[in-house]
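Single-letter residue listing:
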Amino acid sequence: MSADDRGQELLRRLLGPAGPEVTCDECFELLDEYVELELAGEDADRRLPGMREHMQGCPACHEDHESLRDFVQLERHS
Amino acid sequence: MLETSISPPTHVYARTLTGASDKTAAFVSDDERDWVLALRGPPGLRDVALAELHALLLRAARFELGRRSDQLADLSAGEVGDLAMQAADDALVAILGKLDSFRGASRFTTWAYKFALLEAGVKARRRAWHGREIALDGQSMPALVDSGRSAQERIEQSELLDALRHAIGSVLTPHQRTVFNALALNGVPIDVLAERLNTTRGALYKTLHDARRKLRAALAAAGHSIDVGGGT
């Protein structure tokens, strides 16, 4: 990661996303639908706007998303 | 707490629900109505569905704790197992309380898994921070030192961080400053801070969001260009 990338990453972590985003509760409410759209190869960000922005600004919701996506994927391939 | 030693007569259950024969996999056939009907069904049927759902939730909780094994290195295997069981139990309670809110926008199991993963994740984060002091005051602005950067770039970044530090001290309320310092500057997990401050993740994130908006506005007013809205 370049210094400029690290600078952008730091600012993103400190200042969060610029665009509109859902709340933590809304993110949790929509997370299963978002993940299934992703796994189906559909444009989840267009269907459920504000989710990606929120997950960029909220590390906990970001982790919840990664966990659900990976676990569902694992279950379907086992 | 739930007894996980229930031996579910799945073949009876599957016949009852779907008309299938002795095909034991019939229950997890992704017919979302089956799950909801069974969980609201008569005691015998409901007990079977509860046991099956709990087993799925336990698997999800173990998966999540496995991902976080580095955070739980000081726990024994038995303690991690207990944590997974607690997460599955709590997730099941949450699911039953929110069954009416299942809209069928996803498979029932995907909807249910997120509760177990959330519970396990929260428990792991809290366990990892158990006993650790959280500094709620002061600022520890991260430094970005890179000898490869140009002098001009280092000056610009230094000025930006100075402006941000000033804005944190001048435009945020004391509560916003506390939350911003803990979450954004010091990387305290939001669930851990929520527990310490006796509030919720959602309430804390709203505070963080408002603080970030104020800081962006202050930096823009001071002539700094902020462009970090891109994707990951």
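Residues numbered from 1 in each chain as written. Chains lettered and ligands numbered in written order. Predicted model: local features only at pLDDT ≥ 70, side-chain atom pairs only at ≥ 80, totals over all residues.

Colleague: Give a description of the overall build of chain A that names residues and reports values.
Modeller: On a plain count of helices and strands, chain A comes out with five helices and zero strands. In chain A, the order of α-helices and β-strands from amino to carboxyl end is α-α-α-α-α. The buried share of chain A, taken over its 78 residues, is 42%. (Helix = DSSP H or I, 4+ residues; strand = E, 2+ residues; numbered from the N terminus. Buried ≥ 20, exposed ≤ 12 C-beta atoms within 10 Å, placed from the backbone.)

Colleague: How would you summarise the overall build of chain B if you had to cite specific residues and measurements?
Modeller: Assigned secondary structure in chain B consists of nine helices and zero strands. Shown N-terminal to C-terminal, the secondary structure of chain B runs as helices and strands in the order α-α-α-α-α-α-α-α-α. Evaluated residue by residue, chain B yields a buried proportion of 33% over its 232 residues. For chain B, the proportion of contacts with a sequence separation of at least 24, taken over those separated by at least 6, is 68%. (Contact = placed C-beta atoms within 7 Å.)

Colleague: Could you give an account of the interface of chain B and chain A, naming the residues involved and the relevant values?
Modeller: In this assembly, 38 residues from chain B lie in contact with 33 residues from chain A. Elements represented by at least two residues in the side of chain B that touches chain A include exactly helix H3 (43-67), helix H5 (108-128), helix H6 (151-171), helix H8 (190-196) and helix H9 (201-221) of chain B. Ranked by the residues each element gives to the side of chain B that touches chain A, the list is headed by H9(B), at eight residues. Within the side of chain B that touches chain A, the residues separate by chemical class into 17 nonpolar, 10 polar and 11 charged. (Nonpolar A, V, L, I, M, F, W, Y, C, P; charged D, E, K, R; others polar.)

Colleague: Help me get a handle on the packing of helix H2 (residues 32-39) of chain B against H3(B), residues and values and all.
Modeller: Residues and elements named next belong to chain B. Orientation of H2 relative to H3, taken along the N-to-C sense of each, is 120 degrees, at an axis distance of 7 Å. When the axis of H2 is compared with that of H3, the two are oblique. Counted together, Trp-35, Ala-38 and Leu-39 of H2 and Leu-45, Arg-46 and Ala-49 of H3 form the full contact between these two elements. Residues belonging to the contact of H2 with H3 are distributed by class as follows: five nonpolar, no polar and one charged. (Axes fitted to C-alpha atoms, helices over the stretch in contact; angles between N-to-C directions. Parallel < 35°, antiparallel > 145°, perpendicular 65-115°, else oblique.)

Colleague: Can you explain the confidence of the model for chain A? Please cite residues and give values.
Modeller: Per-residue pLDDT for chain A has a mean of 90; in total, 90% of the residues score no lower than 70. Per-element mean pLDDT across chain A ranges from 72 in helix H1 (residues 3-15) of chain A up to 97 in helix H2 (residues 24-39) of chain A. (pLDDT = per-residue confidence, 0-100.)

Colleague: Describe in detail unusual backbone geometry, supporting the description with residues and values.
Modeller: Positive phi is not limited to glycine here, since B:Asn198 has a value of about 55 degrees. Turning to its location among the elements, B:Asn198 is positioned in the loop between H8 and H9.

Colleague: Any chance you could break down the environment of A:Leu14 for me, citing the residues and the numbers?
Modeller: Within the secondary structure layout, A:Leu14 lies in helix H1. Since 20 C-beta atoms lie within 10 Å of it, A:Leu14 is described here as buried. C-alpha separation for the pair A:Leu14 and A:Asp45, spaced 31 residues apart in sequence, amounts to 23 Å. Contact partners of A:Leu14, with chain neighbours within four places excluded, come to B:Leu164 and B:Ala184.

Colleague: Quick one: what's the story with H2(B), residue by residue and with numbers?
Modeller: Each full turn of the α-helix corresponds to 3.6 residues, which orients residues three or four apart in the same direction. Within H2(B) the residues assigned to the buried category are B:Asp34, B:Trp35 and B:Ala38. Down the axis of H2(B), the sector holding all buried residues measures 95 degrees, keeping them to one side. (Arc of directions from axis to C-beta.)

Colleague: Provide a residue-level description of the nonpolar core, including the pertinent values.
Modeller: Residues and elements named next belong to chain B. Membership of the largest hydrophobic core comes to 69 residues, with the highest contact counts inside it found for Leu-57, Ala-61, Ala-88, Ala-116, Phe-180 and Leu-183. When residues of this core are assigned to their parent elements, the largest contribution, 11 residues, is made by H5. Lining this core are residues from two domains, each supplying at least three of them: domain 1 (10-128) and domain 2 (151-221). (Core = buried A, V, L, I, M, F, W, Y, C linked by C-beta atoms within 7 Å. Domains from an automatic or database assignment.)

Colleague: Provide a residue-level description of the environment of B:Ala124, including the pertinent values.
Modeller: Residues and elements named next belong to chain B. One can find Ala-124 in helix H5. A residue is classified by how many C-beta atoms lie within 10 Å of it, and Ala-124, with 26 of them, is buried. Taking the C-alpha atoms as reference points, Ala-124 and Ser-69, separated by 55 residues in sequence, lie 8.9 Å from one another.

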